[in-house]
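Per-entry structural report
One-letter residues, chain by chain:
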Amino acid sequence: MAAGVGLAACSTTPEAPAPARASAPAGGEAAAPEDGAAGGDPALLSGTAKSNNSAANTGDWAVPNGGLPVGAARQSAQRWVQLTASRAGDLNPVVVNGAGLTLYRFDNDSNNPPTSTCNGECAQTWPPVTVSPSGKIFVAGIKPSAVGTVKRADGTLQVTIGGWPVYRFAQDTKRGDTLGQGVGGTWFGVTPAGGKAGVPAGGQQTPDTGETNVPPATSAVFFDDANFSDIGASQGVAGNGCQNLARPGVASSIAAPGSFKVWAGPDCTGRSQVINGDVADLATIGFDNAIASVRFN
C-alpha cells in the first residue's frame with residue numbers, strides 16, 4: 001500500500017457549503033419507485049438496493065469493482081447509494097456500499113459543518129460517494145439521522161455519515177478490501193456513526209450518542225444472512241397487526257426504520273422480543289433463524 005496516495009492534490013475548500021440533508025425515511029417500504037423525488041433531496045429508505053428491487057447495473061452496482069464511472073454510467077451510478085454496516089478485513093463495524101466495497105472518511109474534511117476537501121486528482125484516487133438529488137440512499141444498520149449529503153465544489157451531492165463526507169478507495173476492487181485504511185495517517189474506514197473504523201472508541205471523533213425515542217416501524221426487511229448481506233435471500237414484511245413471515249425461521253439480520261416485536265411462533269405466539277431498529281446479527285438477542293411472525297403496532 002502506497003501511503004499518501006493522492007493526498008498532495010487534496011486542497012482545502014475556502015468556504016464550507018451548506019449541507020443538504022437527505023429526506024426522512026419513507027416508511028421503510030420494501031419496494032419504492034426507482035427514482036426519488038425530482039428536484040428534492042435524495043430519498044432515504046430502509047433496507048438494501050436488492051430488497052428495494054433496484055434495477056441491475058444501476059447505483060453502486062454500476063461500479064462493482066471500483067473505478068470512476070463516466071458519461072451515462074456515471075448518471076446511472078448516481079441513481080442510488082447503499083450504506084450497510086458490515087465487516088471488511090479487520091474492520092468491524094465499517095460501512096460498505098451496495099457492491100460490498102469499503103467506504104472511507106478523510107481527516108482533512110470536516111463534519112461541522114460538513115465539508116469535502118478532496119477534489120481533482122485526490123478524487124480520482126478517492127472517488128467521492130455521490131448521489132443525484134432525485135436519487136435514493138438505502139440504509140441498513142445505520143441510523144437514518146446519521147445520514148445526509150453535502151454539496152461538493154463541482155456541484156454534486158456527496159453522501160455524509162455523522163457529517164463526514166464518505167469516499168471509496170480506487171485500489172479496493174472487491175468485497176473485503178481495506179487497502180485505504182490508514183493511508184497517509186488521514187484516511188480510515190467509516191463506522192455507522194461516522195467515526196474511524198479500527199480506531200479505539202476514544203479516538204473516534206463522532207461517537208454514536210444513540211437515540212432515546214424509537215418510532216414504531218411499519219415494515220421490515222429480514223435477511224437470511226447476518227450483517228444485512230445481499231449474498232443470501234431476503235424477505236420484506238409490512239402491514240398492520242400481526243404478520244406471519246412467508247419463510248419463517250431463516251432470518252439472521254433485520255433492517256427496520258423503528259421499533260416492533262417479533263415472535264418465534266406463528267400468529268404472534270411463543271417467545272417474543274422487542275426490536276428497536278436494525279439488528280445486524282440476531283444471534284446476539286437469541287433469535288437467529290427463529291422468527292416466525294411480527295407485529296408492527
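Refer to the structure above for everything that follows.
The structure presented is a predicted model; accordingly, all values stated were derived computationally and were not measured.

Cut-offs used in this document
Residues numbered from 1 in each chain as written. Predicted model: local features only at pLDDT ≥ 70, side-chain atom pairs only at ≥ 80, totals over all residues. Heavy atoms only, no water. Core = buried A, V, L, I, M, F, W, Y, C linked by side-chain atoms within 4.5 Å. Buried < 20%, exposed > 50% of the residue type's maximum accessible area, 1.4 Å probe, protein only. Helix = DSSP H or I, 4+ residues; strand = E, 2+ residues; numbered from the N terminus. Contact = heavy atoms within 4.5 Å. Pairing = 2+ DSSP bridges. Axes fitted to C-alpha atoms, helices over the stretch in contact; angles between N-to-C directions. Salt bridge = Lys/Arg side-chain N within 4 Å of Asp/Glu carboxyl O. Polar contact = N/O pair within 3.5 Å; in protein donor to acceptor, adjacent residues only side chain to side chain. Phe/Tyr/Trp six-rings, centres within 6.5 Å; stacked < 30°, edge-to-face > 60°. Lys NZ or Arg CZ within 6 Å of the ring centre and 35° of its normal.

With 18 residues, the main nonpolar core has F222, I254, F260, V262, I291 and V294 as its most contacted residues. Among the elements of the structure, β14 (219-223) and β18 (259-265) are those that each provide at least two residues to this core. Residues in contact with F222, not counting those within four places in the same chain, are A233, S234, Q235, V237, L245, A251, S253, I254, F260, I291 and V294. Counting 17 residues, the second-largest nonpolar core is a separate cluster that includes V81, A85, V131 and V190.

Pairing is antiparallel across the open sheet formed by three strands, whose spatial order is β15-β14-β17. Either end of the sheet is taken by a strand with one partner, and the two such strands are β15 (234-238) and β17 (253-255). Direction aside, neighbouring strands of the sheet carry axes that sit 25° apart on average. In this structure, β14 lies alongside β15, joined through five bridges in antiparallel fashion. Each bridged residue has a counterpart across the sheet, and for S219 the counterpart in β15 is A238.

Turning next to the sheet that holds strand β3 (residues 80-88). Taking strand neighbours across the sheet as the criterion, the four strands line up as β2-β9-β3-β4 in an open arrangement whose pairing is mixed. In this open sheet, the two strands that pair with only one neighbour each are β2 (43-46) and β4 (91-96). Each strand axis lies, on average, 20° off the axis of its neighbour in the sheet, ignoring direction. Relative to strand β9 (residues 136-140), β3 is paired through five bridges, and the arrangement is parallel. When the bridges of β9 are listed, V81 appears paired with I137.

Looking now at the pattern of salt bridges. Pairs can form between side chains of opposite charge once their charged atoms are near each other. Enumeration over the complete set of coordinates arrives at five salt bridges. Salt-bridge contacts for D154 lead to R74; the nearest nitrogen and oxygen are separated by 3.9 Å. Linking D154 in the loop between β10 (147-151) and β11 (157-161) with R74 in helix α1 (residues 72-77), this pair joins segments that are 80 residues apart in sequence. One salt bridge connects K174 with D177, and the closest N-O pair in it is separated by 3.0 Å. By relative accessible area, which is 52% here, K174 ends up exposed. Residue class for D177 comes out buried when judged on its relative accessible area of 11%. Each member of the salt-bridge network shares a partner with another, and the members are R105, D107 and K196.

Let's shift gears to the pairing of β9. In terms of burial, β9 is a largely internal element, five of the five residues being buried. Of the two faces of β9, both are covered, the one formed by K136, F138 and A140 as well as the one formed by I137 and V139. Across four bridges, the pairing between β2 and β9 is parallel. Pairing of S46 across the sheet is with V139, part of β9.

Our focus in this paragraph is the side chain of Q181. Assignment of secondary structure puts Q181 in the loop between β12 (164-165) and β13 (187-189). Look at Q181 and you get buried, because its relative accessible area is 19%. Side-chain polar atoms of Q181 contact the backbone oxygen of A197, separated by 2.8 Å.

A few words now on the environment of T102. One can find T102 in the loop between β4 and β5 (104-106). With 79 residues separating them along the chain, T102 and Q181 place their C-alpha atoms 9.4 Å apart. Apart from residues lying up to four places away in sequence, T102 is in contact with A88, V94, V95, V96, Y167, R168, D172, D177 and T178. Looking at T102, its side chain comes within polar contact range of the main-chain oxygen of D177, at 2.7 Å.

Quick look at the packing of aromatic side chains now. Scanning the entire structure with this criterion turns up 11 aromatic pairs. Here F106 and W187 contribute two aromatic rings whose centre-to-centre distance is 4.2 Å and whose plane-to-plane angle is 5°, an arrangement assigned as stacked. Highlighted residues: F106 in strand β5 and W187 in strand β13, separated in sequence by 81 residues. F106 sits in the buried class, given a relative accessible area of 1%. On the basis of relative accessible area, W187 is assigned to the buried category, the value being 0%. Within the aromatic cluster, the residues linked to one another by ring pairs are Y104, F106, W126, Y167, F169 and W187. The side chain of R105 reaches across the aromatic face of W164, ending 3.8 Å from its centre. Looking at R271, its charged tip hangs above the ring of F287, at a distance of 4.1 Å from the centre.

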